[in-house]
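# Geometric and topological summary
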Amino acid sequence: MEPQKSRGNRLLVFALLINLILTITSVGTVIYKLKILENQLLQLQSRPSVVLQTETSNNGDDEERELTQRRKREYEYFGEAKSCISCHNACMQLFGLGASAKVTVNAASNGTEKDVVCMRGERGPQGKNGRRGQRGRPGYIGRAGKRGPPGERGPRGRRGRPGKAFTGNTSEMIEDIELPRIKKRPPSNLTTIEGKNISLPCHSKGFPKPEVTWYKDGKMIDSSNYDAAMGTLTFLSIQFADRGLYKCEARNFLGVDSATVEIIVVVPPRFVEAPEVYHMGYETWDTTLTCNIFGYPPPEIIWTRSFRTLSDGRHVMAGKDLII
């Protein structure tokens, strides 16, 4: 612990020394800048006159030239212009644009000093509009709003042109058209054992060729579960959950034909949960034994003891439970 404390103390002393050095450097920089400003102010006060310098822009602005000529004329006719220029330069160097402060400058006429207050002048006229900037990036696409209510029903359109009549031997075409008809129907009832493979035929005939669709308990079955070309519905290892009323429907634009079949799946009795091999009971207490078994049709549960029928006095059967 002691070496860690001494190390922490050394780091703290080192940080304080660096902070002290930075502070002294900042103070020295500020003093140096103030000294430079003071020398510039003394030079402005000691000058007998101020030479006006003009800047001519590259594009030859006429207004700026006029302002320069006017300042020159004021400088020639008014001696006080020197002190005004001196005030302006002093205010600009000390305080920047738009400053309000009090400075002391030399008067041009008698060389005496006087106090002048630097005030911000009136706002000039608005400049010309600059060039238009580049077009920004497009914004993100917002979320779609809620769907509005349906509009009013439009007016009825014009009646279309009459269709063309059949050409050629129309009697042959009419004879080829045939209502849909199921040639091979499934049985009306089918009872099978769980786990077997079952196929239900539904072969149709007609022109145009009918489209075959299967339904289970009134709900359409996905076409991937049966052969749509032959109309055969196949069950691989049929399960108890596949039982129900099935309907086969053959349809074209002329009409529809259908056939129904009820599938019953018989399930041999099996234990849903394996029974206990040993069950502990207490004397004079009621003991309950459960036989959790499933089958279809529902199996009959018979309880025995050592292959003998139980007496009615001390045994009560309640569904799948036996109470002793």
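Only a predicted model underlies this, so the values are computations on that prediction, with no experimental measurement involved.

Here a ring pair, both rings aromatic, is described through the centre-centre distance and the interplanar angle of the planes. Throughout the structure, instances matching the rule amount to 3 aromatic pairs. Centroid distance Phe235 to Tyr246: 5.6 Å. Interplanar angle 80°. Geometry classified as edge-to-face. Of the two residues, Phe235 sits in strand β10 (residues 232–235) while Tyr246 sits in strand β11 (residues 244–252), which places them 11 residues apart along the sequence. A relative accessible area of 2% means that Tyr246 is categorised as buried. Centroid distance Phe240 to Tyr296: 5.4 Å. Interplanar angle 50°. Geometry classified as tilted. Of this pair, Phe240 sits in the loop between β10 and β11 while Tyr296 sits in strand β14 (residues 293–296); the two residues are 56 residues apart in sequence, bridging distant segments of the chain. The exposure class of Phe240 is buried, given its relative accessible area of 17%.

With an omega of -5°, the peptide bond between Phe207 and Pro208 qualifies as cis. Structurally, Pro208 is set in the loop between β6 (203–207) and β7 (211–216). Notably, Asp217 is not glycine yet its phi reads approximately 55°, a positive angle. By the element assignment, Asp217 lies in the loop between β7 and β8 (219–220). Using a relative accessible area of 51% as the deciding quantity, one classes Asp217 as exposed.

All right, on to the state of the cysteines then. Evaluation of the coordinates by the stated rule reveals 1 disulfide. Across the disulfide from Cys202 sits Cys248; the S-S distance is 1.5 Å. The sign of the -70° torsion about the S-S bond sets the Cys202-Cys248 disulfide as left-handed. Of this pair, Cys202 sits in the loop between β5 (198–200) and β6 while Cys248 sits in strand β11, and the two are 46 residues apart along the sequence. What makes Cys202 buried here is its relative accessible area of 0%. For Cys248, a relative accessible area of 0% puts it in the buried group.

The next subject is the UniProt feature "transmembrane region" (unreviewed entry) in the protein. Those places that UniProt annotates as "transmembrane region" (unreviewed entry) correspond, in this numbering, to residues 12–32. Secondary structure over residues 12–32 splits into 100% helix and 0% strand, and the C-alpha atoms at its two ends are 31 Å apart.

With that settled, consider the confidence of the model for the protein. Looking at the protein as a whole, the pLDDT averages 77, with 72% of positions reaching at least 70. Low confidence marks residues 48–59, where pLDDT is under 50. Its contacts with residues over four positions away, or in another chain, come to 16 contacts. Throughout residues 78–83 the model reports pLDDT below 50, and contacts reaching past four residues in sequence, or to other chains, amount to 13 contacts.

Moving on, we get to the nonpolar core. Counting residues in hydrophobic clusters, the biggest one holds 21 residues, and the most contacted among them are Leu200, Trp214, Leu233, Phe235, Tyr246, Val261 and Ile263. At the level of elements, β5, β7, β10, β11 and β12 (255–271) are the ones that each hand at least two residues to this core. Counting residues per element, this core draws most heavily on β12, at 5 residues. The next biggest cluster of nonpolar side chains, apart from the first, holds 5 residues, and it includes Cys291, Ile293, Trp303 and Leu310.

Where strand β4 (residues 189–193) meets β12, 5 bridges bridge the pair, whose relative direction is parallel. Paired with Thr192 across the strands is Val265, a residue of β12. Here β11 runs beside β12; their pairing, made up of 9 bridges, is antiparallel. Bridge pairing links Arg251 to Val256 in β12. Taken together, β11 and the strand that follows it, β12, pair antiparallel across an intervening segment of 2 residues. Strand direction decides the pairing type here: β12 and β14, joined by 3 bridges, are antiparallel. Residue pairing in the sheet places Val267 in a bridge with Tyr296 of β14.

Calculation notes
- Residues numbered from 1 in each chain as written.
- Predicted model: local features only at pLDDT ≥ 70, side-chain atom pairs only at ≥ 80, totals over all residues.
- Heavy atoms only, no water.
- Phe/Tyr/Trp six-rings, centres within 6.5 Å; stacked < 30°, edge-to-face > 60°.
- Helix = DSSP H or I, 4+ residues; strand = E, 2+ residues; numbered from the N terminus.
- Buried < 20%, exposed > 50% of the residue type's maximum accessible area, 1.4 Å probe, protein only.
- Disulfide = S-S within 2.5 Å.
- UniProt positions renumbered as here; feature names shortened; annotations may be inferred.
- pLDDT = per-residue confidence, 0-100.
- Contact = heavy atoms within 4.5 Å.
- Core = buried A, V, L, I, M, F, W, Y, C linked by side-chain atoms within 4.5 Å.
- Pairing = 2+ DSSP bridges.

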